[in-house]
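Examination of the molecular architecture
As a plain string of letters, each chain reads:
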Amino acid sequence: MREDAPVDEPVVEPALLVELVTLAEEAARAAGALICDGRPTQVEVAGTKSSPVDVVTAMDLAAETLLRDRLLRARPHDGVLGEEQGWLPGTSGVTWVLDPIDGTVNYLYGLANYAVLVAAVIGPIDAAPDPARWTVLAACVHAPGDGRTYTATLGGGAWRDGRRLAVTVPPSLEQCLVGTGFGYRSEVREAQGRVLAGLVPKVRDIRRMGSAGLDLCTLAEGGLDLYYERGLNPWDLAAGSLIAQEAGARVSGLRGNRAGVTMTVAGTPPRAAELIEVLERADADMAL
Ligand code: IPD
Ligand code: CA
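Residues numbered from 1 in each chain as written. Chains lettered and ligands numbered in written order. Predicted model: local features only at pLDDT ≥ 70, side-chain atom pairs only at ≥ 80, totals over all residues. Heavy atoms only, no water.

**A look at the site of ligand 1**
Taken together, 15 residues lie around ligand 1, and Asp102, Gly103, Tyr184, Ala212 and Glu229 are the ones closest in. In the environment of ligand 1, an oxygen atom lies 3.3 Å from a nitrogen or oxygen atom belonging to the side chain of Glu83. Between Ser211 and ligand 1, the recorded distance is 3.1 Å, taken from a backbone N or O atom to an oxygen atom. Protein burial of ligand 1: of its 380 Å² of free accessible surface, 96% is covered by the chains. The cavity where ligand 1 resides is the largest pocket. Tallied by class, the residues present in the shell around ligand 1 amount to four nonpolar, five polar and six charged. No fewer than three residues from each of domain 1 (14-164) and domain 2 (173-281) sit in the shell around ligand 1. (Near = heavy atom within 4 Å. Polar contact = N/O pair within 3.5 Å; in protein donor to acceptor, adjacent residues only side chain to side chain. Areas by Shrake-Rupley, 256 points an atom, 1.4 Å probe, with all protein chains shown as cover. 1 Å grid on protein atoms, 1.4 Å probe; cavity = no way out; pocket = protein on both sides within 12 Å on 5 of 7 lines; lining within 4 Å. Sits in = over half its atoms within 2 Å of the grid points. Nonpolar A, V, L, I, M, F, W, Y, C, P; charged D, E, K, R; others polar. Domains from an automatic or database assignment.)

Pasting the structure below:
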């Protein structure tokens, strides 16, 4: 069992894992076709959320509706938690955690690095969902802008187009290419900027690509050595965390906590531990 796995990691029928990952991929591909083929030349902002730059487009809403319809048509007793339409409880024990467009700002600007994130989880979910309390069973991250599709099942490895994924193991923190992201509120960004300033001299370089889900998949296939971010929502984290873990990454928080809104750190265990130490010393999880 992975060191960051819940102590009571569930035993799940292999057939259920196959059913869930197949459905996740089918739904993610359909939503991906909708948002990619249907992208107007000029994407309009339909609304804002936590700040004026935290935008939602008509396609975020339409894609989440499509995902919900497909998933619940196939498995009507499951719950759903989506970024745009919230939580719908189910009775089967499985909940789908959805981000219809992760990387909405990239989508708005016509940059290809955005993705549909679909994860099937078990564990308690309520109106204040906490990824530390659930286990991700199956996941798909589909990036229709450049055709990448990643999948994983619990204990079954992480895959891209039939190729099994494995994280890289650089010899030292100084050799690591580190991905990260920033929140939408300026006071959060100011704190994130301070932490980043202390980290840049200690690593090979930094990348900010604009989709947390794709950052975790990129790490899973060796395109990043480490990733960290404060402020991830459950739907940003669920699908990519399983894909990174199944590729051999440790995915956790700081100070022995599990990954979540306070902090998510991912990477090969020895390097992730070094990054965690730097982030803890910098109080990267300090209350704002
Ligand atoms: C955002 C992206 C971004 C990350 C932000 C997320 P959204 O999700 O994943 O990379 O830095 O924290 O909120 O808003 O595009 O779905
Ligand atoms: Ca989103």
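**Brief notes about the coordination of the calcium ion (ligand 2)**
Geometrically, a metal with four donors at the corners of a regular tetrahedron has ideal angles of 109.5 degrees, and one with six donors at the corners of a regular octahedron has ideal angles of 90 or 180 degrees. Within the first shell, the calcium ion (ligand 2) binds the protein through Glu83 (OE), Asp99 (OD), Asp99 (OD) and Ile101 (O), at distances of 2.1 to 3.0 Å. Along the chain, the residues that donate to the calcium ion (ligand 2) are spaced as E-x15-D-x1-I. Of the two residues, Glu83 is situated in the loop between β3 (79-82) and β4 (86-88) and Ile101 in strand β5 (residues 94-102); the sequence distance between them amounts to 18 residues. (Donors = N, O, S within 2.8 Å, 3.2 Å for Na, K, Ca; no water. Helix = DSSP H or I, 4+ residues; strand = E, 2+ residues; numbered from the N terminus.)

**With respect to the side chain of Thr218**
The residue Thr218 is located in helix α5 (residues 212-220) in this model. Overall, the relative accessible area of 12% leaves Thr218 in the buried class. Within the local environment of Thr218, its side chain forms a polar contact with the backbone oxygen of Leu214, the two atoms lying 2.7 Å apart. Apart from the residues within four sequence positions on either side, Thr218 is in contact with Arg148, Met209, Gly223 and Leu224. (Buried < 20%, exposed > 50% of the residue type's maximum accessible area, 1.4 Å probe, protein only. Contact = heavy atoms within 4.5 Å.)

**Side note on the sheet that holds strand β13 (residues 226-229)**
Read from one edge to the other, the open sheet built from five strands follows the order β12-β11-β13-β15-β14, with strand pairing classed as mixed. In the strand order of this sheet, the two ends are held by β12 (205-207) and β14 (250-252), each with one partner. The average angle at which neighbouring strand axes cross in this sheet is 15 degrees, direction not considered. Here three bridges tie strand β11 (residues 177-180) to β13, and the two strands are oriented parallel to one another. Paired with Gly179 across the bridge in β13 is Tyr227. (Pairing = 2+ DSSP bridges. Axes fitted to C-alpha atoms, helices over the stretch in contact; angles between N-to-C directions.)

**Some thoughts on the layout of surface pockets**
The calculated volume of the largest pocket comes to roughly 760 Å³. Of all the secondary structure elements, the ones that give two or more residues to the lining of the largest pocket are β5, α3 (104-109), α4 (186-199), α5 and α6 (234-246). Residue classes in the lining of the largest pocket are distributed as 13 nonpolar, ten polar and twelve charged. Taken domain by domain, the lining of the largest pocket gets at least three of its residues from each of domain 1 (14-164) and domain 2 (173-281). Put simply, the second largest pocket is a space of about 190 Å³. Class assignment for the residues of the lining of the second largest pocket results in eight nonpolar, five polar and three charged. (Points joined across faces, edges and corners; volume = space filled by probe spheres on them.)

**Here we look at the nonpolar core**
Core analysis: the largest hydrophobic core is formed by 70 residues, its most contacted members being Ile35, Trp96, Val118, Trp134, Val141, Leu219 and Ile243. At ten residues, the largest contribution of residues to this core is made by helix α1 (residues 14-37). Split by domain, this core shows at least three residues from each of two domains, domain 1 (14-164) and domain 2 (173-281). Residues in contact with Trp134, not counting those within four places in the same chain, are Leu81, Val97, Val121, Ile122, Gly123, Ile125, Pro129, Pro234, Ala238 and Arg258. Counting residues in each nonpolar core, the second largest holds 19 residues, with Leu199, Val265, Val278 and Ala284 among its members. (Core = buried A, V, L, I, M, F, W, Y, C linked by side-chain atoms within 4.5 Å.)

**Overview of the pairing of β3**
Burial along β3 is two-sided: Gly79 and Leu81 facing one way and Val80 and Gly82 facing the other are all buried. Where β3 meets β5, four bridges bridge the pair, whose relative direction is parallel. When the sheet's bridge partners are listed, Gly79 is paired in β5 with Thr95. Bridge analysis of β3 against β4 gives three bridges, and the strand direction is antiparallel. Note on β4: the bridge partner recorded for Gly82 is Gly86. Between the end of β3 and the start of β4, which pair antiparallel, lie three residues.

**Considerations on the sheet that holds strand β7 (residues 135-143)**
Spatially, β4-β3-β5-β6-β7-β8-β9-β10 is the arrangement adopted by the eight strands of the open sheet, whose pairing is mixed. Single-partner strands in this sheet number two, and they are β4 and β10 (163-164). Here β7 runs beside strand β8 (residues 148-153); their pairing, made up of six bridges, is antiparallel. Within β8, the residue paired with Ala139 across the bridge is Ala152.

These results come straight from atomic positions and should not be treated as a statement about function.
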